[in-house]
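Chains, contacts and geometry: an overview
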Amino acid sequence: MPSLPNSDELIFFVNGKKVTEKNADPEVNLLFYLRKVLRLTGTKYACGEGSCGACTVMLSRYNPKTKAIHHFPATACLVPICSLHGAAVTTVEGVGSIKTRIHPVQERLAKCHGTQCGFCSPGMVMSIYTLLRNHPEPTPEQITEALGGNLCRCTGYRPIVESGKTFCVESTVCRVKGSGKCCMDQEDQSFVNRQEKICTKLYNEDEFQPFDPSQEPIFPPELIRMAEDPNKKRLTFQGERTTWISPVTLNDLLELRASFPTAPLVMGNTAVGPSIKFRDEFHPVFISPLGLPELYFVNTTDAGVTIGAGYSLAQLNDALRFIVSEQPKERTKTYRALLKHLRTLAGAQIRNMATLGGHVVNRPNFSDLNPILAAGNATINLMSKDGQRQIPLNGPFLEKSPGADLKPDEIVLSVSIPFSTQWHFVWGLRLAQRQENAFAIVNAGMSVKFEDSTNVIKELQMFYGSVARTVVSASQSCQQLIGRQWDDQMLSDACRWVLAELPIPPAAEGGMVEYKRTLIVSLLFKFYLKVRRGLNKMDPQKFPDIPEKFTSALEDFPIETPEGMQMFQCVDPCQPPQDPVGHPIMHQSAIKHATGEAIYIDDMPPVDQELFLAVVTSTRAHAKILSIDKSEALALPGVVDVITAEDVPGDNNHQGEILYARNKVICVGQIVCTVAADTYARAREAAKKVKIAYEDIEPRIITIEQALEHNSFLSVEKKIEQGDVEQAFKYVDQIIEGEVHVEGQEHFYMETQSILAIPKQEDKEMVLHLGTQFPTHVQEFVAAALNVPRSRIACHMKRTGGAFGGKVSKPALLGAVSAVAANKTGRPIRFILERGDDMLITAGRHPLLGRYKIGFMNNGVIKAADIEYYINGGCTLDESETVLEFIVLKSENAYCIPNFRCCGRPCKTNLPSNTAFRGFGFPQGMVVVEAYITAVASQCNLLPEEVREINMYKRISKTAYKKTFNPEPLRRCWKECLEKSSFYDRKLAAEEFNTKNYWKKRGLAVVPMKFTIGMPTAYYNQAAALVHIYLDGSVLVIHGGCEIGQGLYTKMIQVASRELNIPQSYIHLSETSTTTVPNAVFTAASMGTDINGKAVQNACQILMTRLHPIIRKNPKGKWEDWITKAFEDSISLSATGYFKGYQTNMDWEKEEGDAYPYFVYGASCSEVEVDCLTGAHKLLRTDIFIDAAFSINPALDIGQVEGAFIQGMGLYTTEELKYSPEGVLYSRGPNDYKIPTVTEIPEEFYVTLVRSRNPIAIYSSKGLGEAGMFLGSSVLFAIYDAVAAARRERGLTKTFALSSPATPEVIRMTCVDQFTDMIPRDDPSTFTPWSIHVS
Ligand SMILES: Cc1cc2nc3c(=O)[nH]c(=O)nc-3n(C[C@H](O)[C@H](O)[C@H](O)COP(=O)(O)OP(=O)(O)OC[C@H]3O[C@@H](n4cnc5c(N)ncnc54)[C@H](O)[C@@H]3O)c2cc1C
Ligand code: FES
Ligand code: FES
């Protein structure tokens, strides 16, 4: 190597402060560095793969050539610190802080109620902040685009987008779509009922501080000087195991490339980073030419454009946009195709990091750009020390043919993309599980050139992604079609030939085989139509247009910025102004969430001597453990111990839940042992070295069907029955039978399960800090595992980054696993689950199979229903029995069926144990109900809504388990939903749309809901609180409820404020702990506010009773005076409040009881549009009416309803867990499991809290934590309405099976047509599929 000036000093800035690292470690990423080295914990870890946006930061670089500063968002988890030389990093702490000044972005996110658990909030802030740094007055579309790479599991995005829209010049925050009018305009509220006093303002914009872009921190001048310094030095950083070299010139790069031919060139690190983390790749040397000027340029010639390999995809987007604006349309067809895909490829962060060169070289099979570049005849310009050469992208290079790769010493300098020509068409097509930030299921780039002025094919190219291991070309078919006319016969031959040329084996990795085959021809058909349209535009006389009904097939669904309105009851004007009850008060921690100052478990500072824990989990579903070899793991540096079942001093199997597997494993993902080491990296490395020998045990039961075959159940059958079902079946007009499958769901809380277990020196005490919904349960498990009294175990829970039921029982198991490790090593244990481990170990919602037999009259009246439910409980009981009971008890939903029988049983399988999840079985179970309603409607030629109306409870009635109730609020929600959503008018409009559009169909559905809160066991409904008043008048409120993002603490402050008649600012809530309130029940079943509110109220009332004599004597005195006086009079200023709980019960023998305290009613109407050719859908509008009785805090309640609705929509549409036939969960991160993003939420979203009475609950409120979940099924049924329309048009009028989730695959394959008929089908007995359904 030539001797070049060299430096081993890494210099970058973080939040304006200089960081200098000598010999930085190339294996350290920015997220780790920020959190663990700089202790800036605002930036969060939630996936480590660039897919969730929780770790978003702003990177800024100075370009000495243009003298411009480039700010862009990046996911810190994929940024190696070594790549940061010369960069300025801004984290959420650098944007604003409570200690100094909060930034308008942070303030508005908080005040618009855009935070719930707050774990995603710093990432959201950084995405909006970075956008504002580049565009101080953004458009609403830019806000939505900026947020596309950020996941939020709590809010449903609407309030986050809304906070961003407050920065738009023409704020559209409160516009009712289309009308252009403001919803605040009280004179014209046609949408709301003017009789009631309805509020629509959840926050006051006047309170926002103005945004002044000139006040932002400047770019560090030192970095400008560094960038302009002509004497650049090569950078070499020597880490523990690897070396990083950043060349200083192009020649230097080529030298390095020749010297280290196997070293990756790290650019965006979006491909290299994940393959190191997830595929265990190791590279001793990295070369990073990031920032080398020769790789950054755009050069336009007569032939086309050449773009430097270093351009990020975002810069590529800008460059193409500019060229498209400058050049005639016919020349830019390839560029426009690329732009279309660049909008939805990953999220904004990845698009700003990933480079064109990296994309082209990496050639992932799902690449969105390569098929288009190939179809557009792009070429790659290569360079080595020996010179330059050009290779076509669309040749063997793209298909990774042997010998066709870059030579080891070559680099990609640039990519040349020629202009398109007149008789030349280029197009890109893609279909993914969700519209944005999801790898394509199948994508394609296609181009055709015609003989001038004809439709005779001169050249044809088709490239498909995701159908094989590389992007593949249908070159033979294309060749055969040359000379043919572009007509239907050509299409028909092309489809057959392409299917034959690109066969997908039945067991292909990734599954969805028949769907992918269908997409191959469906996308081809779209291209065919597009080209015919184009030819017609060029010469209408010669080339007939496509049928009008087909034109909408060509349009992709637009990405719209959501709009809508939230309506709730105004507070009674007579209420004292200080009383906050009923007001939309911001979440107590919202500002801290937005500034990153809210502390989660892994944000807690290191504890002296602490160790990190990594898990070793079973790779077999059912097997004997023959041996565990820990020796290699123990020999690694930093490893302190490997902990197994042998190390559990007490109960290793508590209540049937096993901490560490002993002798045998019962599912893939069961914890066999843990490794404690001095760093995470070492613990994880060592965990991989533990060798476990297994011997499989038969049977291995994975699915419900297999469990039924083996009679494998977790508990006895539960049943309720009324009337005489058998007799009724004899007298009905029709009987239908059917089966409904509802797959499971991953909680995907943004903060993975996290525990800090600290053993104390004395008395076998242990303190645990963890995110849980049930600290008492953790205490119980830990005490049992350590064989100590519960009084020695203290569990503290301040907040958690989302829970949704997933932190009810699982933290107990994981807490005990950590406690055993802490006990054995005698050192504090930090146990933060990796996302993949969390998804694997903790399982989620129960997959469900429902079988129904329904007897009904021809007018739609249902006389008899006989329903069976089976849920896949997994390998241990956990909450499965209770979930099943909930399903059975609630199984009538809103319908009065006189002869009704419902029974069910949880199945025992060799899957990880499924657990509580928002709605507790209701969201799955009720799909079966609405499915048979839909089936009855279809049989009777009625709308499902008509059958719903006919059979719905109408007057005071008894449920099937004989609980009397008044369905009046249900009727009101239903009626208002139908009316205010203009359901029948819109249904007609949709039908008209459907007659005019063959390949796109619209569907609407209104779904009613009768939900219950609480538990059928009285003692689970109790709660306690402790209220202390201090001598300065400040008040500390403690109760047994957990703050999981729902705003429980905020509501408790509202309660205490009203009861003590003091401002909220006097009241503080710090944390929940087993040391302050013992034996508290879980925070779940929507009753957190109900029961803890009553307990807080009780404590406050006790205190007020004590204070009353003092107040009476000094009524004009101040609160502080009364407190001082009370102290002087020796009156206790601390009180325990208690709520005995709702006196519920259920007698399963008699099949009756007062199972739940009250019902929550609701209805939602959704309208979707479905693309029958791809299976994609777009949610156009949703209207929700939910019975909130009296809302203590409408902002929090609407937040819960919207968040649950979007989570429910995810359950029913995009979220799909994939298991191998051997029971291995494939979906272990956001790349494989698609929760909704901002692009999935309704374009128009209206939510109304309907007023009713509920005297049983605190302030006559209702618990709304879970109810919204099932309302998401209106999207599912709207999709099926659209699909039914498609099927009818194709002559398929029979009722069809309806299952959940309605993924693009399900939608497409149910819209049967000539393309689904054309694909080859495989005999299921001849192969083992890649994945199976477990419901
Ligand atoms: C969360 C996430 C979502 C994604 N979503 C999508 C998606 O929806 N659609 C899609 O198409 N892609 C997607 N991708 C993939 C992404 O497009 C690629 O990872 C990216 O383009 C690679 O570019 P990079 O600069 O990060 O490459 P790096 O990771 O830096 O490098 C990748 C490879 O390219 C080589 N290389 C880089 N530059 C050169 C050069 N100039 N000369 C020679 N070799 C070079 C390196 O040696 C390395 O082997 C996604 C990635 C992530 C992380
Ligand atoms: S943690 Fe970095 S994107 Fe998820
Ligand atoms: S608030 Fe967004 S994940 Fe909880």
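Residues numbered from 1 in each chain as written. Chains lettered and ligands numbered in written order. Predicted model: local features only at pLDDT ≥ 70, side-chain atom pairs only at ≥ 80, totals over all residues. Heavy atoms only, no water.

**Brief notes about the packing of helix 10 (residues 313-326) against helix 11 (residues 333-344)**
- Where helix 10 contacts helix 11, the axes come no closer than 10 Å and their chain directions differ by 140°. Here helix 10 is positioned oblique relative to helix 11, judged by the angle of their axes. The interaxial crossing formed by helix 10 with helix 11 has left-handed handedness. When helix 10 is examined against helix 11, the residues Leu313, Leu316, Asn317, Leu320, Arg321, Ile323 and Val324 are found in contact with a partner set consisting of Tyr335, Arg336, Leu338, Leu339 and Leu342. (Axes fitted to C-alpha atoms, helices over the stretch in contact; angles between N-to-C directions. Helix = DSSP H or I, 4+ residues; strand = E, 2+ residues; numbered from the N terminus. Parallel < 35°, antiparallel > 145°, perpendicular 65-115°, else oblique. Left-handed = near helix turned anticlockwise from the far one by under 90°. Contact = heavy atoms within 4.5 Å.)

**Concerning the site of ligand 1**
- By nearness alone, 32 residues border ligand 1, and Met267, Thr270, Thr355, Asp368 and Val412 come closest of all.
- Gly268 places a polar main-chain atom, nitrogen or oxygen, 2.9 Å from an oxygen atom of ligand 1.
- Relative to its unbound accessible surface of 970 Å², ligand 1 loses 95% to contact with the protein.
- Of all elements in the fold, only helix 13 (356-362) and strand 17 (411-418) reach the threshold of two or more residues within the shell around ligand 1.
- Here the element with the most residues in the shell around ligand 1 is helix 13; it accounts for 4 residues.
- Here the shell around ligand 1 is composed, by residue class, of 19 nonpolar, 10 polar and 3 charged. (Near = heavy atom within 4 Å. Polar contact = N/O pair within 3.5 Å; in protein donor to acceptor, adjacent residues only side chain to side chain. Areas by Shrake-Rupley, 256 points an atom, 1.4 Å probe, with all protein chains shown as cover. Nonpolar A, V, L, I, M, F, W, Y, C, P; charged D, E, K, R; others polar.)

**A word on the packing of aromatic side chains**
- Going through the model one piece at a time under the given rule, you end up with 40 aromatic pairs.
- When the centroid spacing of 4.9 Å and the interplanar angle of 75° are considered together, the rings of Phe983 and Tyr984 count as edge-to-face.
- Residue classification places Phe983 among the buried positions, given a relative accessible area of 0%.
- Through a chain of ring-to-ring contacts, the aromatic side chains of Phe425, Phe450, Trp486, Phe525, Phe527, Tyr528, Phe550, Tyr998, Trp999 and Phe1315 assemble into a single cluster.
- A cation over an aromatic ring shows up here: Arg363 above the ring of Phe397, its NZ or CZ 4.0 Å from the ring centre. (Phe/Tyr/Trp six-rings, centres within 6.5 Å; stacked < 30°, edge-to-face > 60°. Buried < 20%, exposed > 50% of the residue type's maximum accessible area, 1.4 Å probe, protein only. Lys NZ or Arg CZ within 6 Å of the ring centre and 35° of its normal.)

**Things to note about the UniProt feature "domain: CO dehydrogenase flavoprotein C-terminal" (unreviewed entry) in the protein chain**
- Under the present numbering, the feature "domain: CO dehydrogenase flavoprotein C-terminal" (unreviewed entry) in UniProt falls on residues 427-531.
- When the span residues 427-531 is considered, its composition is 38% helix and 27% strand, and the gap between its end C-alpha atoms is 9 Å. (UniProt positions renumbered as here; feature names shortened; annotations may be inferred.)

**Overview of empty space enclosed by the protein**
- Inspection of the entire model under this criterion finds 12 cavities of 30 Å³ or more.
- In this model, the largest cavity occupies a volume close to 460 Å³.
- What lines the largest cavity is a set of 31 residues, and nearest its centre among them are Ile1044, Gln1046, Ser1086, Gln1200 and Gly1265.
- Those elements giving two or more residues to the lining of the largest cavity turn out to be helix 31 (1048-1060), helix 32 (1088-1113) and helix 34 (1194-1212).
- The dominant element in the lining of the largest cavity, judged by the number of residues it contributes, is helix 32, at 3 residues.
- Class assignment for the residues of the lining of the largest cavity results in 12 nonpolar, 13 polar and 6 charged.
- Approximately 170 Å³ is the volume attributed to the second largest cavity.
- For the second largest cavity, the lining is made up of 15 residues, of which Ile658, Cys667, Gln670, Leu813 and Cys875 are closest to its centre.
- For the lining of the second largest cavity, the secondary structure elements donating two or more residues are strand 27 (657-658) and helix 24 (810-825).
- A per-class count over the lining of the second largest cavity returns 9 nonpolar, 4 polar and 2 charged. (1 Å grid on protein atoms, 1.4 Å probe; cavity = no way out; pocket = protein on both sides within 12 Å on 5 of 7 lines; lining within 4 Å. Points joined across faces, edges and corners; volume = space filled by probe spheres on them.)

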